[in-house]
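# Coordinate analysis (summary)
Residue strings, one per chain:
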Amino acid sequence: MSDDELLLYLLQLVQALKHESYLQCELVDFLIERALRNRRIGHFLFWHLRSEMHVPAVSVRFGLMLEAYCRGAPDHMKLLARQQDALNKLKETSEMARQRKEGRERLKLLVQESLKQNHISDALSNVLCPLDPALHCRRLLVERCKTMDSKMKPLWAVFENDDPSGGDIYFIFKHGDDLRQDMLTLQMVLILLKLNFSFP
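As a convention, each chain's residues are numbered from 1 in the sequence order in which they are written. Local features are withheld for residues below a pLDDT of 70 in this predicted model, meaning they are given only at 70 or higher, and side-chain atom pairs are given and counted only at 80 or more; totals for whole chains, interfaces and linings count all residues. Heavy atoms from the whole structure form the basis of all side-chain values; hydrogens and water molecules are not counted.

## Side note on the overall build of the protein
Strands are runs of DSSP state E lasting at least two residues, helices are runs of H or I lasting at least four, and both sets are numbered from the N terminus onward. Across its full length, the protein carries eight helices and five strands. The order of helices and strands in the protein, counted from the N terminus, is α-α-α-α-α-α-α-β-β-β-β-β-α. Two things to know: the radius of gyration comes from C-alpha atoms, and the globule rule equals 2.2 Å times the number of residues to the power 0.38. Here the C-alpha atoms of the protein give a radius of gyration of 18 Å, agreeing with the 16 Å that 2.2 N^0.38 yields for 200 residues. Over its C-alpha atoms, taken along the principal directions, the protein stretches across nearly 55 × 45 × 35 Å.

Structural data, given as structure tokens:
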């Protein structure tokens, strides 16, 4: 299986770990070995594992795998820790926005004021995008950030691309929801595109 093919099915392989009888097994060894050989696989393996660390049934297994990967790739660990710090700052702002009852425009200003704080803007500058490590976010474009109109009030974040020939980087930060079904849908689309399936 090539690295590109492995990335297509990585989410399912991580979910399959939940059904292994032992902490160390061939699947764990396989995933750690491939992640250490290819940083892109390591990136997504890290975030698939990290996203479920709050689940008691898998926290020990996933925690040990995270530790094994981070010990084997200390340079990558520094980049991942920086991404984690950036996400924590977005989470702080998102939680603040959810607790406020202000109107849309007032809430937008409050979110932008929060994002302008030095400790937050520093954490959100010169960081690799957790959604795609090929994208390097130079700085947050605070004046274009806002909350979306839904119950969870996800953040609409816009970053300046470090690549001068690339466009701005947009993403929605949604905290508190299980997005595995959304990820599965996107994954199916990618697999169909790889199989040259044409959509009507």
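## Details of unusual backbone geometry
A positive phi is found at Asn126, a non-glycine position, where the angle reads about 50 degrees. Relative to the assigned elements, Asn126 resides in the loop between helix 7 (118-123) and strand 1 (127-129). Judged by relative accessible area, which is 45%, Asn126 ranks as partly exposed. Per-residue accessibility, obtained with a 1.4 Å probe over protein chains only, is compared with the maximum for each type, and a residue is labelled buried under 20%, exposed over 50%, and partly exposed between these values.

## Examining the packing of helix 4 (residues 56-72) against helix 5 (residues 74-99)
The description of two packed helices rests on the angle between their axes and on the distance between the axes. Taken N-terminus to C-terminus, the directions of helix 4 and helix 5 make an angle of 115 degrees; their axes are 5 Å apart at the nearest point. Where helix 4 abuts helix 5, its residues Tyr69, Cys70, Arg71 and Gly72 lie against Pro74, His76, Met77 and Leu80. Side-chain classes follow a simple rule in which Ala, Val, Leu, Ile, Met, Phe, Trp, Tyr, Cys and Pro form the nonpolar group, Asp, Glu, Lys and Arg form the charged group, and the remainder, Gly included, forms the polar group. Along the lines of polarity and charge, the residues of the contact of helix 4 with helix 5 split into five nonpolar, two polar and one charged. Axes, fitted as lines to C-alpha atoms, cover a helix only where it is in contact. Angles between the N-to-C directions of the axes lie from 0 to 180 degrees. Whether two residues touch is decided by their heavy atoms; if any such pair falls within 4.5 Å, the residues are in contact.

## Quick notes on helix 1 (residues 3-16)
The end-to-end C-alpha distance of helix 1 is 18 Å, a good match for the 20 Å that 14 residues give at a rise of 1.5 Å each. Residues of helix 1 that are buried: Leu6, Leu8, Leu10, Leu11, Val14 and Gln15. The inward-facing, buried residues of helix 1 abut helix 2 (26-37), helix 3 (39-50), helix 4 and helix 8 (180-194). Expected helix span is given by 1.5 Å per residue-to-residue step, counting one fewer step than there are residues.

## Digging into the nonpolar core
Joining through side-chain atoms within 4.5 Å is the link that ties buried Ala, Val, Leu, Ile, Met, Phe, Trp, Tyr and Cys residues into a set, and such a set is a nonpolar core. Formed by 45 residues in total, the largest nonpolar core has its most connected members in Leu17 and Leu115. Contacts of Leu115, omitting those with residues within four sequence positions, involve Leu90, Thr93, Ile120, Ser121, Leu124, Leu140, Val142 and Cys145.

## Here's the deal with the state of the cysteines
By definition, a disulfide links the sulfur atoms of two cysteine residues through a covalent bond. Two cysteine sulfurs form what is called a disulfide whenever their separation falls within 2.5 Å. Across all of its chains, the model carries zero disulfides by this definition. No disulfide involves Cys70; its nearest neighbouring cysteine sulfur is the one of Cys25, lying 18 Å away. Cysteine Cys129 remains unbridged, with the sulfur of Cys137 as its closest cysteine sulfur at 4.9 Å.

## Quick look at a nonpolar patch on the surface
Patches draw on residues past 30% relative accessible area with no salt bridge. Two like charges within 9 Å are joined, as are two nonpolar side chains (Val, Leu, Ile, Met, Phe, Trp, Tyr) within 5 Å. In these tables, accessible area is a Shrake-Rupley quantity obtained with a 1.4 Å probe, and a residue counts as shielded only by the protein chains included in the view. Salt bridge, as applied in this entry: a Lys or Arg side-chain nitrogen positioned within 4 Å of an Asp or Glu carboxyl oxygen. Taken together, the side chains of Leu23, Val60 and Leu64 make up a nonpolar region of the molecular surface, amounting to roughly 270 Å² of accessible area. Along the chain, Val60 turns up in helix 4. Among the residues examined, Val60 registers a relative accessible area of 53% and is labelled exposed.

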